[in-house]
Amino acid sequence: AQKLELVEVAQEAGHFVAVTGDGVNDAPALRRANVGIAMGRGGTDVAREASDLVLSDDNFATIVNGIEEGRVAYQNIRNVIYLLIAAGIAEVTTLGLAVVVGLPLPMLPAQLLWLNIVTNGIQYVALAFERGHDNVLGLPPRRPDESVFDRLMIERGLLAGTWMAAVGFAAFVLMLEAGLPVETARSHLLLLMVLMQNVDAFNARSETLSVFRNPLSNNPLLAVGVATALLLHVGAMYVPLMQRVLAVGPITADEWIFFPAVALSLLVVMELHKLSWKWRRRSGGRHRLLPAT
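Residues numbered from 1 in each chain as written. Predicted model: local features only at pLDDT ≥ 70, side-chain atom pairs only at ≥ 80, totals over all residues. Heavy atoms only, no water.

### Things to note about the overall build of the chain
- The helix and strand inventory of the chain stands at eleven helices and three strands.
- Ordered by position in the sequence, the α and β elements of the chain form the string α-β-α-β-α-β-α-α-α-α-α-α-α-α.
- Against the globule reference of 19 Å for 293 residues, the chain gives a C-alpha radius of gyration of 25 Å, more extended than a compact globule.
- For the chain, the spread of C-alpha atoms along the three principal axes comes to 80 × 40 × 30 Å.
- The proportion of buried residues among the 293 residues of the chain is 43%.
- Taking the intrachain contacts of the chain between residues at least 6 apart in sequence as the baseline, contacts between residues at least 24 apart amount to 67%.
- Working note: accessible area of the chain is about 14800 Å², and carbon and sulfur atoms make up 67% of it. (Helix = DSSP H or I, 4+ residues; strand = E, 2+ residues; numbered from the N terminus. Rg over C-alpha atoms; globule rule 2.2 N^0.38 Å. Buried < 20%, exposed > 50% of the residue type's maximum accessible area, 1.4 Å probe, protein only. Contact = heavy atoms within 4.5 Å. Areas by Shrake-Rupley, 256 points an atom, 1.4 Å probe, with all protein chains shown as cover.)

Spelled out as structure tokens, the structure:
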């Protein structure tokens with residue numbers, strides 16, 4: 001009865017309570033807790049049936065390891081969702097703006113399909129292998145009823161997607177006004193989108209941690225994935241068959257300097273957002289800082 005009362009008092013105070021136990025007398029508290037954890041070896045059948053989790057090795061350190069892995073996995077899922085949202089907003093907005101103002105389509109269907117294959121497919125898989133950081137267990141737990149699409153997710157997705165769309169659409173318009181054929185402008189825009197979404201893949205590794213403080217050794221697979229995606233697109237620009245399929249072509253040396261520099265503007269924007277989010281948190285904002293992975 002005392003164990004049960006302790007759980008109820010802690011829950012009434014707003015805590016998310018986990019209880020470990022092995023005996024019959026632990027069953028009420030195990031069932032009432034948000035997470036009941038029974039011992040698999042030394043625990044009674046009653047305790048195991050009343051629990052949500054059973055420790056097969058009866059080792060409390062397993063709980064800590066499980067929480068850490070769970071937080072890392074959840075954050076990696078958020079990272080992939082963010083990358084998908086930002087890319088989708090960028091592509092839809094760019095095409096929508098062109099339709100509204102009466103311009104030719106900035107990208108053809110085959111180019112859009114290629115863009116999603118080379119900039120999203122490989123990176124999505126690689127982001128799932130992102131390792132946790134030292135502070136992953138030092139941050140407060142998320143609320144069980146918290147949506148994946150919280151304020152931070154929405155802010156980041158809208159900001160990154162809108163910035164890529166604005167830069168891409170402006171570049172397309174300027175290229176047309178400069179007299180470039182629409183086919184060439186589309187080819188250049190596709191390269192710019194590939195570069196910006198590759199930059200965003202590195203930004204997506206953490207919601208709050210700066211890219212410059214997040215070593216690539218935590219996820220070397222992502223670096224390999226981005227390099228592979230970029231090489232695939234560069235190869236398509238110079239292979240005759242892919243040139244015809246995707247309506248793309250090579251660019252000059254000056255353009256190889258210009259387009260990556262423009263793409264890196266997204267990194268600056270998202271780094272500023274991370275600083276802004278941290279400043280708002282320190283200033284007493286009510287939105288919780290999520291685990292940085």
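Let us keep going from here.
### Notes on the nonpolar core
- Formed by 46 residues in total, the largest nonpolar core has its most connected members in Tyr82, Met107, Leu192, Met196 and Phe259.
- Elements with a contribution of two residues or more to this core: helix H4 (60-101), helix H5 (109-127), helix H6 (151-177), helix H7 (182-203), helix H8 (220-238), helix H10 (253-263) and helix H11 (265-282).
- For this core, the element with the most residues is H7, which contributes eleven residues.
- Those residues in contact with Phe259, other than ones at most four positions away along the chain, are Met175, His188, Leu191, Leu192, Leu195 and Ile251.
- Val19, Ala27, Leu30 and Ala38 belong to the second-largest nonpolar core, a separate cluster that totals ten residues. (Core = buried A, V, L, I, M, F, W, Y, C linked by side-chain atoms within 4.5 Å.)

### Observations concerning H10
- Considered for burial, the residues of H10 that qualify are Phe259, Val262 and Ala263. Down the axis of H10, the buried set is contained in an arc of 100 degrees. They therefore lie on one face. Structural note: H10 exposes Ala253, Asp254 and Ile257 on the side pointing more than 90 degrees away from its buried face.
- Along its buried surface, H10 packs onto H6, H7 and H11. (Arc of directions from axis to C-beta.)

### Let's talk about the environment of Val245
- Mapped onto the secondary structure, Val245 falls in helix H9 (residues 240-246).
- For Val245, a relative accessible area of 48% gives the class partly exposed.
- For the pair formed by Val245 and Arg48, sequence separation is 197 residues and the distance between their alpha carbons is 60 Å.

### Some details on the pairing of strand E2 (residues 35-39)
- When you tally the buried positions in E2, you get four out of five residues, the bulk of the element.
- As paired strands, strand E1 (residues 18-21) and E2 are joined by four bridges and run parallel to one another. For Thr20, the partnering residue across the bridge sits in E2 and is Ile37.
- Assessed by its sense of winding, the connection that carries the chain from E1 through helix H2 (residues 27-32) to E2 is right-handed.
- Pairing geometry for E2 and strand E3 (residues 53-55), over three bridges, is parallel. Each residue of the ladder has a partner; that of Met39, found in E3, is Leu55. (Pairing = 2+ DSSP bridges. Right-handed = clockwise from strand over helix to strand, strands pointing away.)

### Points about the packing of H4 against H6
- In contact at an axis separation of 7 Å, H4 and H6 are set at 40 degrees when each is read in the N-to-C sense. One element, H4, and the other, H6, form an angle in the oblique class. At the point where H4 passes H6, the crossing takes the right-handed sense.
- Here the contact of H4 with H6 is built from residues that sort into 16 nonpolar, five polar and two charged. (Axes fitted to C-alpha atoms, helices over the stretch in contact; angles between N-to-C directions. Parallel < 35°, antiparallel > 145°, perpendicular 65-115°, else oblique. Left-handed = near helix turned anticlockwise from the far one by under 90°. Nonpolar A, V, L, I, M, F, W, Y, C, P; charged D, E, K, R; others polar.)

### As for the confidence of the model for the chain
- Averaged over all residues, the pLDDT of the chain equals 91, while 96% of them reach at least 70.
- In this model residues 285-293 is a low-confidence stretch, pLDDT under 50, and it forms 42 contacts with partners more than four residues away in sequence or in other chains. (pLDDT = per-residue confidence, 0-100.)

### Remarks on H7
- For H7, built from 22 residues, the straight-helix expectation of 32 Å at 1.5 Å per residue is met to within 8% by its first-to-last C-alpha distance of 31 Å.
- Burial of H7 is extensive: 18 of the 22 residues sit out of reach of the surface. (Expected span 1.5 Å × (residues − 1).)

### Remarks on the sheet that holds E1
- On the basis of which strands lie adjacent, the open sheet formed by three strands has the order E1-E2-E3 and parallel pairing. Sheet topology places E1 and E3 at the edges, where each strand pairs with a single neighbour. Across the sheet, the axes of successive neighbouring strands diverge by a mean angle of 25 degrees, strand direction being ignored.
- Of the strands in this sheet, E1, E2 and E3 touch H4, which is tilted by about 130 degrees from E3.

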